[in-house]
Amino acid sequence: MTKSISNGKFITLEGVDGCGKSTQADKLVEKLFETDISAVTVREPGGDHISESIRKLLLHAEESMSDRAEALLMIASRAQLTDKVILPHIINGKWVVADRYADSTLAYQGGGRGLSVNALEEINNFGTYTLKPDITFFIDIPVEKANERMSVSRDRIEREGANFQQRVRDQYLAMNTKEPERVILINGEQSIDKVFEDIWSIMKEKFSL
Ligand code: TYD
């Protein structure tokens, strides 16, 4: 059975480092395929050649990077990915599942680094042609739990520590309060399968699958 979907959809997964969103992104694409929906995953920062070069700079730069340079590079990487990968797929009717998107910049550079969330929202809008996700799953987990799950080799941002990650989580929680229809909070402390069950039941309802 093939569902006739003329326009693609845009689904994003968000949360602190170690929350398990990458596993859920993979599961979601697999499940969409089983449902006869053509879907692709993208990851941020990164996703195409130029964005991956920016990712290397962002996550592995040796010298100290200014907070604003970090924010602008995150958004530059997103601009490239949105223009060259995400939008063409959506226009072609594909469903795009993004492992992080614009909300990550609000959470990390806004909440974490303390930059103006309003300013970041405007620059995000410019960088993304104002493309907004149809739905965002915020996989919420206490910072200590996420920390236990994180790999030993940490990138520049993962090394920021628990207070930073707590500010990131608080900013995500604020986004869920501000936009509860779009930013859906999922309890990330549950098993992988239960987290996915929650995500899929919301997907079914939202998109009549
Ligand atoms: P991610 O790819 O999720 O980490 P991993 O490689 O461990 O799966 O994200 C890399 C880091 O970049 C992560 O610590 C979050 C951070 N980040 C920001 O600070 N701002 C952003 O806008 C984005 C997209 C990511």
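Whatever comes next refers back to the structure up there.
Described in the following lines is the structure provided in the data block. What you are looking at is a predicted structure, and each value in this text was computed from that prediction instead of being measured.

Each helix and strand counted, the chain has eight helices and five strands in total. Scanning the chain from its N terminus toward the C terminus, one meets helices and strands in the order β-α-β-α-α-β-α-α-β-α-α-β-α. In terms of overall size, the chain behaves like a compact globule, its C-alpha atoms giving a radius of gyration of 16 Å where 209 residues would be expected to give roughly 17 Å. Dimensions along the principal axes, computed over C-alpha positions, put the chain at roughly 55 × 35 × 30 Å. Relative to its 209 residues, the chain shows a buried fraction of 51%. Pairs at least 24 residues apart make up 79% of the contacts formed inside the chain by residues separated by at least 6 positions. Accessible surface, the chain as shown: approximately 10300 Å² in total, 50% of it carbon and sulfur. Positive and negative charge centroids in the chain, built from 27 and 33 side chains respectively, lie 1 Å apart.

Before going further, it helps to spend a moment on the sheet that holds strand β2 (residues 39–43). By definition, the strands of a sheet pair up through backbone hydrogen bonds, in either a parallel or an antiparallel sense. Overall, parallel pairing links the five strands, which are arranged β2-β3-β1-β4-β5 in an open sheet. Each edge of the open sheet is held by one strand with a lone partner, namely β2 and β5 (183–187). Direction aside, the axes of adjacent strands within the sheet are offset by 20° on average. In this fold helix α7 (residues 162–178) packs onto β1 (10–14), β4 (135–140) and β5, with an angle of close to 140° to the strand it touches most, β4.

Near the ligand lie 16 residues; those nearest to it are R55, R100, T105, Q109 and E158. Between the ligand and T105, the relevant distance is 2.6 Å, taken from an oxygen atom to a side-chain nitrogen or oxygen of the residue. The side chain of Q109 places a nitrogen or oxygen atom 2.8 Å from a nitrogen atom of the ligand. Within the complex, the protein chains bury 87% of what would otherwise be the 550 Å² of accessible surface of the ligand. Sorting elements by how many residues they give to the shell around the ligand places helix α4 (residues 102–112) first, with four residues. Classifying every residue of the shell around the ligand by side-chain character gives five nonpolar, three polar and eight charged.

The rules behind these values
Residues numbered from 1 in each chain as written. Predicted model: local features only at pLDDT ≥ 70, side-chain atom pairs only at ≥ 80, totals over all residues. Heavy atoms only, no water. Helix = DSSP H or I, 4+ residues; strand = E, 2+ residues; numbered from the N terminus. Rg over C-alpha atoms; globule rule 2.2 N^0.38 Å. Buried < 20%, exposed > 50% of the residue type's maximum accessible area, 1.4 Å probe, protein only. Contact = heavy atoms within 4.5 Å. Areas by Shrake-Rupley, 256 points an atom, 1.4 Å probe, with all protein chains shown as cover. Lys, Arg positive; Asp, Glu negative; His and termini not counted. Charge placed at Lys NZ, Arg CZ, Asp CG, Glu CD. Pairing = 2+ DSSP bridges. Axes fitted to C-alpha atoms, helices over the stretch in contact; angles between N-to-C directions. Near = heavy atom within 4 Å. Polar contact = N/O pair within 3.5 Å; in protein donor to acceptor, adjacent residues only side chain to side chain. Nonpolar A, V, L, I, M, F, W, Y, C, P; charged D, E, K, R; others polar.

Honestly, it's all geometry; don't read function into it.
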